[in-house]
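Examining the three-dimensional arrangement
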Amino acid sequence: AKVSGYVKTQAVDIGSKVSVGDVLMEIDAPEYVEAVNEAAAAVAQAEAQVQQMLSRVDTAQAELEAAQSSIALAEAELDKSKSYLTFREIQFDRVKHLFELKSIDERLVDEKHEQRDSAQAAENSARAAVVAAKSQVVAARARVASAKADVLEAEAKTRLAKAKEARAQVFVSYTKITSPYDGVVTRRSFHVGDFVRAADQGGTTPLLTVARTDLMRVI
């Protein structure tokens, strides 16, 4: 035996004919079954995390596209602000010239000057909005890259969890003792309920002895 435990079932006895692959004895080792269940749960959790990370990538990608769109909008607002500033500067220069010719009151010059300054402030704000939009694009790209890295990490954890599950399954498979070839049972060392010790834990007594009958050598 490769695992220790109590003999749960034994389908054969001395004199029983067996075929290759027949289950001869089953060892009760619930801790290995529980390990498989835990490993399967870990796999499910890791796979769910992969899906969660993929959703994060989609969200980050959508945020990036939105940020890129905001750049175009901010640049359009900047062009609009530039045009409006140009218009106000022309107005101010015209009113200032008329004031120099003593054609209008100084109050109108101050009004147009204030309007020009307001337009200048609007242009500065639009420029800042463009810079902010570009910064948002950079940040969104970083979030996309981070989310993709998280996906790779989650996928690696999934592969590790699946490897642990496969290892646990191997130990569960060791609880079933099968016949390596066709033959007849000639020795039985344990009965149902007996404790079997694994070979790596000092177990040296064979569980069963099967004499091979499908191949004979005559000397």
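Anything mentioned here points back to the structure above.
All values derive from a computational prediction rather than experimental measurement.

Here we take up the packing of aromatic side chains. Taken as a whole, this structure holds four aromatic pairs when the rule is applied. Summarising the aromatic geometry, the rings of Y6 and F195 are spaced 5.2 Å apart at their centres and angled 70° between planes, so their arrangement reads as edge-to-face. Within this pair, whereas Y6 is found in strand 1 (residues 5-10), its partner F195 is found in strand 6 (residues 195-196), the two being separated by 189 residues in sequence. By relative accessible area, Y6 is classed as partly exposed at 48%. Ring centres of Y84 and F87 lie 6.4 Å apart, and the angle between their planes is 35°; this geometry places the pair in the tilted category. One end of the pair, Y84, and the other, F87, are both in helix 1 (residues 30-100), three residues apart, so they sit about a helical turn from each other. Residue classification places Y84 among the partly exposed positions, given a relative accessible area of 39%. An aromatic cluster is present here, built from Y32, F171 and Y174 joined pairwise through their rings.

Glancing now at the environment of K176. On the secondary structure map, K176 appears in strand 4 (residues 176-178). Taking the C-alpha atoms as reference points, K176 and M25, separated by 151 residues in sequence, lie 6.0 Å from one another. Filtering out sequence-adjacent residues up to four positions away, K176 remains in contact with V23, M25 and E26.

Turning our attention to the sheet that holds strand 1. Taken in spatial order, the four strands line up as 4-3-1-6 in an open sheet, and their pairing is antiparallel. Both outer strands of the open sheet, strand 4 and strand 6, are each paired with one neighbouring strand and no more. Both strand 1 and strand 3 (residues 23-28) contribute to a ladder of four bridges, which runs antiparallel. Within strand 3, the position partnered with Y6 by the bridge is D28.

Thresholds, definitions, all that
- Residues numbered from 1 in each chain as written.
- Predicted model: local features only at pLDDT ≥ 70, side-chain atom pairs only at ≥ 80, totals over all residues.
- Heavy atoms only, no water.
- Phe/Tyr/Trp six-rings, centres within 6.5 Å; stacked < 30°, edge-to-face > 60°.
- Helix = DSSP H or I, 4+ residues; strand = E, 2+ residues; numbered from the N terminus.
- Buried < 20%, exposed > 50% of the residue type's maximum accessible area, 1.4 Å probe, protein only.
- Contact = heavy atoms within 4.5 Å.
- Pairing = 2+ DSSP bridges.

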